[in-house]
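Secondary and tertiary structure notes
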Amino acid sequence: MKNIFILTGAGISAESGLKTFRDSDGLWENYRVEDVASIEGFEKNPKLVHEFYNMLRPMLEKAEPNAAHFAISDFERHRPDLNVFLVTQNVDLLHEKAGSKNVWHMHGRIDECVCLKCSHIFKTLGDVDFQMPCPKCGAKNLKPNIIFFGEMPMFMEKINQQLAGCDVFVAVGTSGVVYPAAGFVQVAKYYGAKTYLFNLESARNNFYFDHQITGKASETLPDFLKNLS
Ligand code: APR
C-alpha cells in the first residue's frame, strides 16, 4: 500500500478568509511575532498573548473550509487503497470541519489550552484569562496549546517515521520558512518519495520539490488528488 504524506500550511486556509503569516497584509503585519508567538513573549506578558489568541479564536472558529480542504478529506475517504498521513501547521480546525478524521496538528490547536504546571490539555470554550485555574490541578498558569517559536513541535517521532516511509510527499500553502516543517520535504526526498508543492508562489525550500504547481490550492489540488495513482 502506498503512503502519502500531506503537509499543509496557512495558504490552504487563505481562501477561507484566514490571513497567512508572511504574505503582505499577513497576520504578522499587525503584531510582533516575538510578542505573541514566542515563549519569551509569553513569559514577559501572558496577558497580551491570551488577548491575541482570544481575538483570533472566534475568527478561526467562524471560518469554513474551502475546496482544497474538501479535496483532502474526499481523497482520504475514497482511497482506502492508500495510507494518507495529514499533518498541518495550522491551528485552525478547517481540515476537521471538511471531514478529515485524523489530523496531526504539529503546531497545536486554537481550541485547546495546556497547563504549564501539570501538562493537562483541555478544550477551551470562549476567551481564556491567563489567571484562570487549570481544571485539573488548579494552577494559574495556562498557555494556549499552540507551539511558539522556541518550542518543539508536537508528534515529531510519529512524523519522522511517516516521512521515512512515504512514497509521495505533498506540501500545500506553506512558505518553507519555518523549521522543522520546512525540512520535511528534504527528509521525504532523501528516503525516495516523489515530492510536490502546491503554493501560490515559490517557497523558500523549492529546491527539494520534484514538481511545483503554482496557483490557488482550491484550484490545483482537487484534480491532482483525484488522479493520483
Ligand atoms: N493556495 C496556495 N498557497 C497559498 C494560497 C492559496 N490560495 N494563498 C497563499 N498561499 C501561500 C503563500 O504564497 C505562502 O507561501 O501560502 C504560503 C503561506 O506561508 P506562511 O504565511 O509563511 O505560512 P506557513 O508556511 O504555514 O507558516 C509556518 O510559521 O508563523 C509560523 O507557526 C506559524 O504555522 C506557522 C508557520
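Preceding block: the structure.
Spatially, six strands are ordered E3-E2-E1-E7-E8-E9 in an open sheet, and the strand pairing comes out parallel. Of all the strands in the sheet, the pair left with one neighbour each is strand E3 (103-105) and strand E9 (211-214). The average undirected angle you get between the axes of adjacent strands in this sheet is 20°. Examined bridge by bridge, strand E8 (residues 194-199) and E9 share four bridges and lie parallel to one another.

Inspection of the region around the ligand gives 23 residues, with Glu15, Phe21, Arg22, Thr174 and Ser175 positioned closest. Here a nitrogen atom of the ligand and a backbone polar atom of Leu200 are 3.2 Å apart. With respect to the ligand, the side chain of Glu201 contributes an N or O atom lying 3.1 Å from an oxygen atom. Starting from 740 Å² of accessible surface for the ligand in isolation, the protein chains cover 95%. Judged by its atoms lying within 2 Å of the grid points, the ligand is housed in the largest pocket. It is helix H1 (residues 10-14) that contributes the most residues to the shell around the ligand, three residues altogether. Each of domain 1 (2-18 + 65-107 + 153-227) and domain 2 (20-62 + 111-146) accounts for three or more of the residues forming the shell around the ligand.

Mapped onto the elements, Ser218 comes out in helix H9 (residues 217-227). In terms of polar contacts, Ser218 uses its side chain to reach the side chain of Glu15, at 2.3 Å. Filtering out sequence-adjacent residues up to four positions away, Ser218 remains in contact with Glu15, Asn66, Ala67 and Ala68.

We now examine the pattern of salt bridges. Throughout the structure, instances matching the rule amount to 13 salt bridges. Linking Glu51 and Lys47 is a salt bridge whose minimum nitrogen-to-oxygen distance equals 3.2 Å. Residue Glu51 and its partner Lys47 are both found in helix H4 (residues 46-62); the two are separated by four residues, about one turn of the helix. Assessed through its relative accessible area of 45%, Lys47 is described here as partly exposed. The residue Asp210 makes a salt bridge to Lys189 at a minimum N-O spacing of 2.5 Å.

A separate point is the pairing of strand E1 (residues 2-8). Consecutive side chains along a regular strand alternate between the two faces of the sheet. With respect to burial, E1 is a largely interior element, five of its seven residues being buried. Pairing of E1 with strand E2 (residues 82-88) involves seven bridges; the strand directions are parallel. In the sheet register, Ile6 faces E2, and the bridge partner there is Leu86. The pairing of E1 with strand E7 (residues 168-172) spans five bridges and is parallel. Within E7, the residue paired with Ile4 across the bridge is Val168.

The space that makes up the largest pocket amounts to roughly 960 Å³. Forming the walls of the largest pocket are 47 residues, and the residues nearest its centre are Gly9, Ala10, Phe21, Arg22 and Asn90. Contributions of two or more residues to the lining of the largest pocket are made by H1, H4 and E8. Here the lining of the largest pocket is composed, by residue class, of 25 nonpolar, 14 polar and eight charged. For the lining of the largest pocket, the two domains that each supply at least three residues are domain 1 (2-18 + 65-107 + 153-227) and domain 2 (20-62 + 111-146). When its volume is computed, the second largest pocket comes out at roughly 160 Å³. With four residues, E2 is the largest single contributor of residues to the lining of the second largest pocket. Partitioning the lining of the second largest pocket into residue classes produces four nonpolar, six polar and two charged.

This part takes up the state of the cysteines. Applying the stated criterion to the full structure yields zero disulfides. The thiol of Cys134 is unpaired, and the distance to the nearest cysteine sulfur, on Cys115, comes to 3.8 Å. We classify Cys134 as buried; its relative accessible area is 3%.

Definitions and cut-offs
Residues numbered from 1 in each chain as written. Predicted model: local features only at pLDDT ≥ 70, side-chain atom pairs only at ≥ 80, totals over all residues. Heavy atoms only, no water. Pairing = 2+ DSSP bridges. Helix = DSSP H or I, 4+ residues; strand = E, 2+ residues; numbered from the N terminus. Axes fitted to C-alpha atoms, helices over the stretch in contact; angles between N-to-C directions. Near = heavy atom within 4 Å. Polar contact = N/O pair within 3.5 Å; in protein donor to acceptor, adjacent residues only side chain to side chain. Areas by Shrake-Rupley, 256 points an atom, 1.4 Å probe, with all protein chains shown as cover. 1 Å grid on protein atoms, 1.4 Å probe; cavity = no way out; pocket = protein on both sides within 12 Å on 5 of 7 lines; lining within 4 Å. Sits in = over half its atoms within 2 Å of the grid points. Domains from an automatic or database assignment. Contact = heavy atoms within 4.5 Å. Salt bridge = Lys/Arg side-chain N within 4 Å of Asp/Glu carboxyl O. Buried < 20%, exposed > 50% of the residue type's maximum accessible area, 1.4 Å probe, protein only. Points joined across faces, edges and corners; volume = space filled by probe spheres on them. Nonpolar A, V, L, I, M, F, W, Y, C, P; charged D, E, K, R; others polar. Disulfide = S-S within 2.5 Å.

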